Amino acid sequence: MHMSRGSRTAILAVCATVLLATSACGDDQPEEATAQQVRLYGTDGNMLNSYPEELKDRAGLVDGMKGTTPLTPLPDNFKNRLRSVDPRLTDYLYSAEAYDAVAISALAAQLAGSTDPAAIAKQIVGVTNEGTGCTSVAQCLRLARQGTDIEYRSVSITRAGFTDAGEPATASYATLHFDGQQLNDAKTEFVGAGDESTASSKAPPKGKRQNGTFPDPESGAPLVLGGLLPKTGDLAIANPPIAAGAALALKEINAAGGVLGEDVVWIDGDDGTSPAVAKATVASHIDAGVHVIIGAGGSGISAAVLPDVVDAGLILFSPSNTAADLTDADDKGLYFRTAPPDSLQGRALADVILRDGPQKIAIVAREDSYGKGLREVVRAELERAGFGGDRVKLLGYEPGEDAEAAPINFGEGAKQIKEFGADAVLIIGFSESAAVIRALADAEVPLAALAS
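Within any chain, residue numbers begin from 1 and follow the written order of that chain's sequence. In keeping with the predicted nature of the model, local features appear solely for residues at pLDDT of at least 70, side-chain atom pairs appear and are counted solely at 80 or more, and the whole-chain, interface and lining totals rest on all residues. The side-chain quantities take in all heavy atoms of the structure and omit both hydrogens and water.

Trainee: Help me understand the overall build of the protein, please; the structure alone is not making it clear to me.
Mentor: Of regular secondary structure, the protein possesses 14 helices and 15 strands. Each residue gets one of three labels from its accessible area relative to the maximum for its type: buried under 20%, exposed over 50%, partly exposed in between, using a 1.4 Å probe on protein chains only. Burial analysis of the protein (452 residues in total) assigns 53% to the buried set. Accessible areas in this description were obtained via Shrake-Rupley with a 1.4 Å probe; residue shielding takes into account the shown protein chains only. Working note: accessible area of the protein is about 18800 Å², and carbon and sulfur atoms make up 51% of it. Only DSSP runs of H or I reaching four residues or more are called helices, and only runs of E reaching two or more are called strands; each is numbered from the N terminus.

Trainee: Even after reading the chapter, I still don't get the side chain of His291, so can you show me in this structure?
Mentor: Along the chain, His291 falls in the loop between helix H8 (275-288) and strand E10 (292-295). Classification of His291 by relative accessible area gives buried; the value is 12%. We call two N or O atoms a polar contact when they sit within 3.5 Å, provided that within protein one can donate a hydrogen and the other can accept it, with sequence-adjacent residues counted only if both atoms are side-chain atoms. Polar side-chain contacts of His291 include one of 3.4 Å to the side chain of Thr115. Contact between two residues is taken to exist if any of their heavy atoms lie within 4.5 Å; hydrogens are not considered. When near neighbours in sequence (up to four residues on either side) are disregarded, His291 contacts Thr115, Pro117, Gly220, Pro222, Leu223, Val224, Leu314 and Ile315.

Trainee: Would you mind showing me how to read the packing of helix H10 (residues 342-354) against helix H11 (residues 369-384) here?
Mentor: For any two helices packed against each other, one specifies the inter-axial angle together with the distance between the axes. Where H10 contacts H11, the axes come no closer than 8 Å and their chain directions differ by 55°. The pairing of H10 with H11 is recorded here as oblique in orientation. Crossing of H10 over H11 shows right-handed handedness. Counted together, Asp342, Ser343, Gln345, Gly346, Arg347, Leu349, Ala350 and Leu354 of H10 and Tyr370, Leu374, Val377, Val378, Glu381, Leu382 and Arg384 of H11 form the full contact between these two elements. Amino acid classes used here: Ala, Val, Leu, Ile, Met, Phe, Trp, Tyr, Cys and Pro are nonpolar; Asp, Glu, Lys and Arg are charged; the rest, including Gly, are polar. Residues of the contact of H10 with H11, tallied by class, amount to 8 nonpolar, 3 polar and 4 charged. What counts as an axis is a line fitted to C-alpha atoms, over the stretch in contact for a helix, and the angles between N-to-C directions run from 0 to 180 degrees. These descriptions rest on fixed angle ranges, namely under 35 degrees for roughly parallel, over 145 for roughly antiparallel, 65 to 115 for roughly perpendicular, and the rest for oblique. Left-handed describes a crossing whose near helix is turned anticlockwise from the far helix through less than a right angle; right-handed describes the clockwise counterpart.

Trainee: Sorry, what's going on with the pattern of salt bridges here?
Mentor: Close approach of charged atoms allows side chains of opposite charge to pair. Whenever Lys or Arg places a side-chain nitrogen within 4 Å of a carboxyl oxygen from Asp or Glu, that contact is recorded as a salt bridge. Applying the stated criterion across every chain, the model contains 21 salt bridges. Here Glu383 and Arg379 are joined by a salt bridge, their closest N and O atoms 3.4 Å apart. Pair noted here: Glu383 and Arg379 are both in helix H11, with a separation of 4 residues, about one helical turn. With relative accessibility at 46%, the residue Glu383 sits in the partly exposed group. Take Arg379: its relative accessible area is 21%, and that puts it in the partly exposed class. Linked by salt bridges that have partners in common, Asp234, Arg366, Asp368 and Glu432 make up one network.

Trainee: How should I be thinking about the packing of aromatic side chains in this particular structure?
Mentor: Aromatic ring pairs are described here by two measures, namely the spacing of the ring centres and the angle between the planes. Pairing of aromatic side chains requires ring centres within 6.5 Å, counting the rings of Phe and Tyr and the six-membered ring of Trp. Pairs whose planes differ by under 30 degrees are stacked, by over 60 edge-to-face, and all others tilted. Considering all chains together, one arrives at 4 aromatic pairs under this definition. An angle of 90° between the planes, with centres 5.6 Å apart, marks the rings of Phe78 and Tyr99 as edge-to-face. Of this pair, Phe78 sits in helix H3 (residues 76-85) while Tyr99 sits in helix H4 (residues 95-112); the two residues are 21 residues apart in sequence, bridging distant segments of the chain. On the basis of an interplanar angle of 45° and a centroid distance of 5.8 Å, the ring pair of Phe317 and Phe336 is categorised as tilted. Of this pair, Phe317 sits in strand E11 (residues 315-318) while Phe336 sits in strand E12 (residues 335-337), placing them 19 residues apart in sequence. Phe336 sits in the buried class, given a relative accessible area of 4%. An aromatic cluster is defined as three or more aromatic residues linked by ring pairs; in this entry it consists of Phe162, Phe317 and Phe336. Sitting above the plane of the Tyr92 ring, Lys79 keeps its charged end 5.1 Å from the centroid. Two conditions define a charge sitting above a ring: the NZ of Lys or the CZ of Arg must be within 6 Å of the ring centre, and it must be within 35 degrees of the ring normal.

Trainee: In this structure, what is going on with the state of the cysteines? I would like to understand it.
Mentor: Counting rule for disulfides: a pair of cysteine sulfur atoms within 2.5 Å. Applying the stated criterion to the full structure yields 1 disulfide. Bridging Cys134 to Cys140, the disulfide has an S-S length of 2.1 Å. Between Cys134 and Cys140, the S-S torsion sits near 110°, and that sign places the bridge as right-handed. In terms of burial, Cys134 and Cys140 fall into one category: buried.

Trainee: Looking at this model, I keep getting lost on the sheet that holds E12. Mind explaining?
Mentor: Paired through backbone hydrogen bonds, the strands of a sheet run either parallel or antiparallel to each other. Strand order across the open sheet formed by 5 strands is E9-E8-E10-E11-E12, with parallel pairing between neighbours. The open sheet has two edge strands, strand E9 (265-267) and E12, and neither has a second partner. Adjacent strand axes in the sheet meet at a mean angle of 25° when their direction is disregarded. This element, H4, spans strand E8 (224-228), E9, E10 and E11 of the sheet and lies at about 165° to E10. Its contacts with the sheet place H8 against E8, E9 and E10, and it is angled at close to 170° to E8. In this scheme, strands are said to pair when DSSP sees at least two bridges between them.

Trainee: Honestly, empty space enclosed by the protein in this entry has me stumped. Any pointers?
Mentor: A water-sized probe rolled over the atoms picks out the places where empty space is left. A 1.4 Å probe that fits into a set of points on a 1 Å grid over the protein atoms alone but cannot get out defines a cavity; an open set with protein on both sides within 12 Å along at least five of seven lines defines a pocket, and lining residues are those with an atom within 4 Å of a point. Grid points are joined across faces, edges and corners, and a volume is the space filled by probe spheres set on the points. Applying the stated criterion across every chain, the model contains 2 cavities of 30 Å³ or more. Taken as a whole, the largest cavity spans an internal volume of roughly 80 Å³. Around the largest cavity, the lining is made up of 13 residues, and of these Asp44, Leu235, Gly297, Ser320 and Phe430 lie nearest the centre. Residues of the lining of the largest cavity, tallied by class, amount to 6 nonpolar, 6 polar and 1 charged.

Trainee: Looking at this structure, how should I read the pairing of strand E13 (residues 361-366)?
Mentor: Within a regular strand, side chains alternate between the sheet's two faces. Taking burial as the measure, the 6 residues of E13 include 6 buried ones, the bulk of the element. Where E13 lies against strand E14 (residues 392-397), 6 bridges are found, and the strand directions are parallel. Bridge pairing in E14 links Ala365 to Gly396. Consider the strands pointing away from the viewer: the crossover is right-handed when the path from the first strand over the helix to the second runs clockwise. Each parallel crossover has a hand, and for E13 linked through H11 to E14 it is right-handed.

Trainee: Which parts of the structure should I look at to understand the pairing of strand E15 (residues 424-428)?
Mentor: Counting buried residues in E15 gives 5 out of 5 residues, a clear majority hidden from the surface. Alternating positions in E15 separate into two faces, Ala424, Leu426 and Ile428 on one and Val425 and Ile427 on the other, with burial throughout.

Trainee: Honestly, the confidence of the model for the protein in this entry has me stumped. Any pointers?
Mentor: Do not read the fine detail of predicted coordinates wherever pLDDT is low. Of the residues in the protein, 90% reach a pLDDT of 70 or more, and the chain-wide mean stands at 90. pLDDT expresses, on a scale from 0 to 100, how confident the predictor is about each individual residue. Scored below 50 in pLDDT, residues 1-34 makes 17 contacts in the model with residues more than four places away or belonging to other chains.

Trainee: I tried to follow the environment of Ser431 on my own but got confused; where do I start?
Mentor: Mapped onto the elements of the fold, Ser431 is located in the loop between E15 and helix H13 (434-442). On the basis of relative accessibility, which here comes to 10%, the residue Ser431 falls in the buried class. Considering only alpha carbons, one finds Ser431 and Ala236, 195 residues apart in sequence, at a separation of 7.9 Å. Residue contacts for Ser431: discarding those within four places in its chain leaves Gly45, Tyr51, Glu54, Gly233, Asp234 and Ile237. Among the polar contacts made by the side chain of Ser431, one reaches the main-chain carbonyl oxygen of Asp234 at a distance of 2.7 Å.

So this is what it looks like as structure tokens:
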């Protein structure tokens, strides 16, 4: 619950009255009662039910942590369908975006009448804009087989379609709260972002009507999708919902008759949250004849492999990349994402922090395109709100090349945050960022969870 301005004013007025009469709100209070507690904040890389496990016996340190993530209110029907694929799901982050990335790829291939990546790429943005509306893969595939231009709307694509750059024009963000060691769904708040007018209005090539005997030998079917998802590495905690979303879409597409007369084929692949692992997977997919690569999980990993994908003439379609600089990547029109850029998330995240009334804010981020990009967006939003450089401290850490790397050492950074006197710490990272929280506790930074 967030206190209104009027309520805060009233409480301050009461406190002032009591102060004059009894000094009950003044300096007579014990020192420990007036000590400034430090609130923790996170982002889509660590605001997950699986995150506290990274802290092991200190999992309680996340209690009270808040953060934002791109998330739409997911219908129970969709959650139930996801659990039919993976009954163990505890998080749903980017499941809808993964579902839609696979669905849009399939619909674009059907409209193109071909598995040629260049032809598919020309249809992707148009699938989401200014056509006959459809809201399920079965319904959309029926229209696409007739060559009908469609406007796909689904779990993550709700208000507007893609921009010319191939990313969502609008988005929904959720404010999440850890109560104890679990996210409290009852406290989740949703806020919209973006501008519908930025959706593309360019007409795609005319859709090809599916005729004759199937499969059409000239189509190149079957459509082959290659996974480039974080099965291992620092972002592996986010993989289960992403993988479930992709698997559900594939299942429902093939149940609806497939694409171009054949079932869509999926070739699994790991990005390892590592450029080296991801590059090896991309090379394997190229050799296997994949047409569209679904991934990578992290923005920095996509940035590392994008030149290889583009050189091979394939499509890279990520359900979870948010780095703002990928909007202008040199992708030859072959990179797309269903996750919104951090230029939208930064404002929502800054608002969550500011509503708690902090005096000094420390921002700790992974030193990669995701961490540095989001840190800069939030910093700029805080500056617009009047938080100059003397009230914001920026820190970073190298996340390590792979999952086997030694844990990050943030001891010195934690000491700097304590000396700075921050009462709010935003941590932008993946599973490895748990080391930042441990370091803060070891440095005796007065975390709110420790005081509760």
